[in-house]
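# An overview of the molecular structure
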Amino acid sequence: MKSAASGFAESRIPNPQSVVITGASSGIGLALARHYLERGATVAACARRAELLQTLSAEFPDKVFCYALDVRDAAAIRAAASDFMARAGVPDIVIANAGVSCGTLTEYVEDEEVFQSVMDINVLGIVKTFQPFLAAMRSKPPLPPGEDWGGEKRFAPTLVGIASVAGLRGLPGSGAYSASKAAAISYMESLRVELYGSGVKVVTLCPGYIKTPMTDINTYPMPFILDADMAAKRMARVIERGTSFAVVPWQMGLVGWVMQHLPNWLYDRLFANAPHKSRNVKLD
Ligand SMILES: NC(=O)c1ccc[n+]([C@@H]2O[C@H](COP(=O)([O-])OP(=O)(O)OC[C@H]3O[C@@H](n4cnc5c(N)ncnc54)[C@H](OP(=O)(O)O)[C@@H]3O)[C@@H](O)[C@H]2O)c1
């Protein structure tokens with residue numbers, strides 16, 4: 001079916017009714033929350049800064065449930081998940097987006113703690129986010145393996161992990177961040193295969209450069225940088241299609257593909273002097 005106004009084929013997939021998003025206080029998570037709220041979804045907005053979640057909630061009265069929590073705290077996420085499911089039902093989409101980024105160098109002993117925090121938040125935070133929802137999402141009527149979503153009457157339950165292009169290859173000065181995002185990509189793939197045929201979709205999204213507070217501090221050039229609202233729109237399209245893996249924007253997908261296929265001897269020479277992220281960023 002085509003929309004007369006846009007000329008684009010209209011999606012036959014209904015809008016999601018309820019969406020859980022971690023890291024919804026800022027940047028990509030906030031833009032995704034707004035995207036789904038503007039389309040009528042109820043959103044569980046999770047992050048540590050309660051005041052920012054409340055600001056979002058004031059914009060969309062009765063549609064936002066705010067959960068001020070740290071994704072390292074499994075008990076807090078479990079409590080938020082049961083509260084949200086009791087009020088809004090089993091979510092259509094859970095987006096594990098919360099993440100931190102900073103430079104690290106192995107030679108500095110004080111960076112050991114930073115490595116720990118980055119792994120705890122960027123990797124285990126995803127596991128802890130999905131865990132309390134998974135059984136309930138699986139119990140929604142399953143789709144047969146390989147089934148086209150086009151004829152579906154409801155949004156297929158979907159788990160979304162936000163990784164990064166930085167996880168496709170180890171970036172110098174970003175050992176913790178690159179390792180965490182590589183781990184996130186592998187974890188998401190394991191989960192996807194585990195859930196094959198269960199009816200629960202698993203989508204791994206790798207942003208390139210998106211304009212958010214995380215990148216605002218970078219002093220080096222950021223090719224193909226996208227604003228957060230546009231990024232959210234494109235990510236939502238990937239989620240709707242249930243694409244298993246995507247880079248946003250696609251141009252950074254090409255860059256990532258080339259990086260992945262460079263032999264080590266060439267990668268090392270090309271990236272030895274690549275700009276480093278700033279160290280000594282305070283992570284609480
Ligand atoms: N921007 C980019 O170019 C880019 C590129 C690749 C990947 N990414 C990934 O995209 C995701 C979002 O990043 P962003 O650019 O939107 O950054 P951002 O604006 O700094 O947002 C990060 C979000 O994560 C939340 N968060 C951080 N630590 C948390 C914790 N321990 N518990 C709960 N929430 C926590 C923050 O909320 P509170 O501080 O309120 O808790 C905030 O809402 C991250 O996973 C990031 O690695 C971003």
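Look above for the structure.
Presented here is a report on the structure given in the accompanying data block.

Basis of the calculations
Residues numbered from 1 in each chain as written. Predicted model: local features only at pLDDT ≥ 70, side-chain atom pairs only at ≥ 80, totals over all residues. Buried ≥ 20, exposed ≤ 12 C-beta atoms within 10 Å, placed from the backbone. Helix = DSSP H or I, 4+ residues; strand = E, 2+ residues; numbered from the N terminus. Pairing = 2+ DSSP bridges. Right-handed = clockwise from strand over helix to strand, strands pointing away. Axes fitted to C-alpha atoms, helices over the stretch in contact; angles between N-to-C directions. Left-handed = near helix turned anticlockwise from the far one by under 90°. Contact = placed C-beta atoms within 7 Å. Nonpolar A, V, L, I, M, F, W, Y, C, P; charged D, E, K, R; others polar. Core = buried A, V, L, I, M, F, W, Y, C linked by C-beta atoms within 7 Å. Parallel < 35°, antiparallel > 145°, perpendicular 65-115°, else oblique. Near = placed C-beta within 6 Å.

It is worth spelling out the pairing of strand E2 (residues 42-47) at this point. Taken across its six residues, E2 has six buried, putting it largely inside the fold. For strand E1 (residues 18-22) and E2, the ladder comprises five bridges, and the chain directions are parallel. Pairing of Thr22 across the sheet is with Cys46, part of E2. Considered for its hand, the β-α-β crossover made up of E1, helix H1 (residues 27-38) and E2 is right-handed.

What follows covers the packing of helix H3 (residues 74-88) against helix H4 (residues 111-138). Between H3 and H4, the shortest axis-to-axis distance is 8 Å and the interhelical angle comes to 35°. Handedness of the H3/H4 crossing: right-handed. Contacts between H3 and H4 involve Ala74, Ile77, Arg78, Ala81 and Met85 on the former and, on the latter, Lys128, Thr129, Pro132, Phe133 and Ala136. Here the contact of H3 with H4 is built from residues that sort into seven nonpolar, one polar and two charged.

Attention now goes to unusual backbone geometry. Excluding glycine, residues mostly carry a negative phi; peptide bonds, for their part, are mostly trans. A cis amide bond links Val248 to the next residue, Pro249, at an omega of 0°. Structurally, Pro249 is set in the loop between strand E9 (245-248) and helix H8 (250-261). In this structure, Phe224 takes a positive phi of about 60° despite not being glycine. Within the fold, Phe224 resides in the loop between helix H6 (213-216) and strand E8 (226-227).

Time to look at the nonpolar core. Ile21, Leu32, Ala45 and Ile95 are the most contacted members of the largest nonpolar core, which totals 70 residues. Take this core: its biggest share by element is eight residues, from H4. Here Ile95 is in contact with Val19, Val20, Ile21, Thr22, Leu32, Val160 and Ile162, once residues within four sequence places are set aside.

Here H4 crosses helix H5 (residues 175-194) at 20°, and the two axes come no closer than 9 Å. In terms of orientation, H4 and H5 fall into the roughly parallel class. At the point where H4 passes H5, the crossing takes the right-handed sense. Counted together, Val114, Phe115, Val118, Met119, Asn122, Val123, Ile126 and Val127 of H4 and Ala176, Tyr177, Ser180, Lys181, Ala183, Ala184 and Tyr187 of H5 form the full contact between these two elements. Among the residues making up the contact of H4 with H5, the classes are represented as twelve nonpolar, two polar and one charged.

It is worth spelling out the site of the ligand at this point. Every one of the 28 residues lining the ligand counts as a neighbour, but Gly23, Gly27, Arg48, Arg49 and Gly99 are closest to it. Split into classes, the residues belonging to the shell around the ligand amount to twelve nonpolar, twelve polar and four charged.

In this section: the sheet that holds E2. If you walk across this open sheet you meet the seven strands as E3-E2-E1-E4-E5-E6-E9, and the pairing is parallel. Pairing within the sheet leaves two strands with one partner each, and these edge strands are strand E3 (64-68) and E9. For this sheet the average axis-to-axis angle between neighbouring strands, irrespective of direction, equals 15°. Of the strand pairs in this sheet, strand E4 (residues 93-96) and strand E5 (residues 158-162) are connected by four bridges, and their pairing is parallel. By the bridge assignment for E5, Val94 is matched with Leu159. Each of E2 and E3 touches helix H2 (residues 50-59); the most contacted strand, E3, lies at about 180° to it.

Topologically, Val20 is positioned in strand E1. The buried category is assigned to Val20, around which 31 C-beta atoms lie within 10 Å. With 61 residues separating them in the primary sequence, Val20 and Ala81 have C-alpha atoms 8.8 Å apart. If we ignore the near neighbours within four places in the chain, the residues touching Val20 are Ala44, Phe84, Pro91, Val94, Ile95 and Phe133.

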